[in-house]
Amino acid sequence: MSLGVVVSPANPVGSDSEVTHQVQLVRPAIAFATSSTARKLPPSLPTILLDSPEFLSMLDRVDSGDSFEPVPQTDTAAILYSSGTTGRGGDFGETLVLMERFDFETMLRAVEKYRVTYMPVSPPLVVALVNSELAKKYDLSSLRLLGCGGAPLGEETIKSFNAKYPNVEITQGYGLTESAGSVTRMIGDEETKRGELWIRGPFIMKGYVGNEKATAETLDSEGWLKTGDLCMFDSEGYLYIVDRLKELIKYKAYQVPPAELEHLLHSHPDIADAAVIPYPDEVAGQLPMAYVVRKPGSNLTEAQVIDFVAQKVAPYKKVRRVAFINAIPKSPAGKILRRELVNHALSKGSAKL
């Protein structure tokens, strides 16, 4: 940063086209890669191999004559890509255990082997830690803290997690790539007005590289970032993220948050995982439809799922269709790929999948 360098981290498991797109947008002067990932970069781009003997020997060199200039606080420091395309680093002095590609059992094995104390997680992973039989096979006693983000974490899930892992603290954080990380966080779990969350401050991005239209739609003239998230504040000033505005289901002009129904479904003893999507309907506009993963040995039926939800929510929030599936499709960051489920539902046109 003292040299005026702007860094743009890239996901090592990104596809060739994704890396090419990032290179075209950022137009880097130099790249750092490993021998296995360098092939994704243009041959004309000067590249330093991080696993080369020359680079590794340089890390052992100590230079005492280096001098650094103050960095203006308004300078661009990094160009980041969202939806799981960048990783989170630990604080200085900590050991960071990285996985090239996420796999639940590999993660459990790493926690046991390296005695991991802290993990950033998404709600589906918290659910898996509570319900999966695999988690019982590994020693997770080193865990002390989970930082959860990416989507709201339901109260029932938190209670189930605390009961199973009483020595592990779990915090919920909210932030965006556009806000350069965390905006707010709270520990543990009254509702007032709801609306879109706007944020402003020195940590907010300058805009989207090469996309003035998206920048104008997201940042207003006074510097407010429109997050696209539906939020509410309680009487004590605590912030609650309810759902993504774009993901709200519009049933007969009522707004139905999928996350609320998903948290409820996760509390069912026969449900291992669930996702709720909008299903088009000529009369209602959209119907809440649930994709459900049964726990092993369960014979849970569509009618039982519909009845379970109907007993606990307002009539307009009731699940109207149910499909059973082996696994909920998710991004590497653990976010539900709702578009894939919508396409699947429309292609099948049946409540029994």
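- Recorded in UniProt under Sequence similarities (unreviewed entry), the annotation for the chain is "Belongs to the ATP-dependent AMP-binding enzyme family."

### Section: the overall build of the chain
- Counting secondary structure elements, the chain contains nine helices and 14 strands.
- Looking at the chain residue by residue over its 353 residues, the buried ones come to 36%.
- Here the chain displays about 21400 Å² of accessible surface, and carbon together with sulfur accounts for 53% of that area.

### As for a nonpolar patch on the surface
- A grouping of Ile30, Phe32, Ile48 and Leu50 is seen on the molecular surface, where their side chains present a nonpolar patch of about 330 Å² in accessible area.
- Summarising the element assignment, leucine 50 is placed in the loop between strand 2 (47-49) and helix 2 (53-59).

### Re the pairing of strand 12 (residues 271-281)
- Sheet topology note: the strand 12/strand 13 (residues 285-294) ladder contains ten bridges and is antiparallel. Along strand 13, the bridge assignment pairs valine 276 with alanine 290.

### Focus on the packing of aromatic side chains
- Scanning the model with the defined rule gives two aromatic pairs in all.
- An angle of 15° between the planes, with centres 4.3 Å apart, marks the rings of tyrosine 254 and tyrosine 316 as stacked. Note that tyrosine 254 is positioned in strand 11 (residues 254-256) and tyrosine 316 in the loop between helix 8 (302-310) and strand 14 (321-324), a separation of 62 residues in sequence.
- Given the relative accessible area of 24%, tyrosine 316 is considered partly exposed.
- The ring of phenylalanine 324 carries the charged tip of arginine 294 above its face, separated from the ring centre by 3.6 Å.
- Its end group placed over the ring of tyrosine 279, arginine 321 keeps NZ or CZ at 3.9 Å from the ring centre.

### Things to note about the pattern of salt bridges
- According to the stated counting rule, one finds nine salt bridges in the structure shown.
- Among the salt bridges present, the one from lysine 136 reaches glutamate 133, with a minimum N-O distance of 3.3 Å. The same class applies to lysine 136 and to glutamate 133, which are both exposed.
- Arginine 338 is paired through a salt bridge with glutamate 262; the nearest N and O atoms lie 2.5 Å apart. Taken together, the positions of arginine 338 in helix 9 (residues 338-348) and glutamate 262 in helix 7 (residues 258-266) put the pair 76 residues apart, joining distant regions of the chain. Of the two residues, arginine 338 and glutamate 262, neither departs from the other in class, the shared state being buried.
- Counted as one network, the salt bridges with shared partners bring together Glu247, Glu262 and Arg338.

What counts, and at which threshold
Residues numbered from 1 in each chain as written. Predicted model: local features only at pLDDT ≥ 70, side-chain atom pairs only at ≥ 80, totals over all residues. Heavy atoms only, no water. UniProt positions renumbered as here; feature names shortened; annotations may be inferred. Helix = DSSP H or I, 4+ residues; strand = E, 2+ residues; numbered from the N terminus. Buried < 20%, exposed > 50% of the residue type's maximum accessible area, 1.4 Å probe, protein only. Areas by Shrake-Rupley, 256 points an atom, 1.4 Å probe, with all protein chains shown as cover. Patch = residues over 30% accessible without salt bridge, like charges linked within 9 Å, V, L, I, M, F, W, Y side chains within 5 Å. Salt bridge = Lys/Arg side-chain N within 4 Å of Asp/Glu carboxyl O. Pairing = 2+ DSSP bridges. Phe/Tyr/Trp six-rings, centres within 6.5 Å; stacked < 30°, edge-to-face > 60°. Lys NZ or Arg CZ within 6 Å of the ring centre and 35° of its normal.

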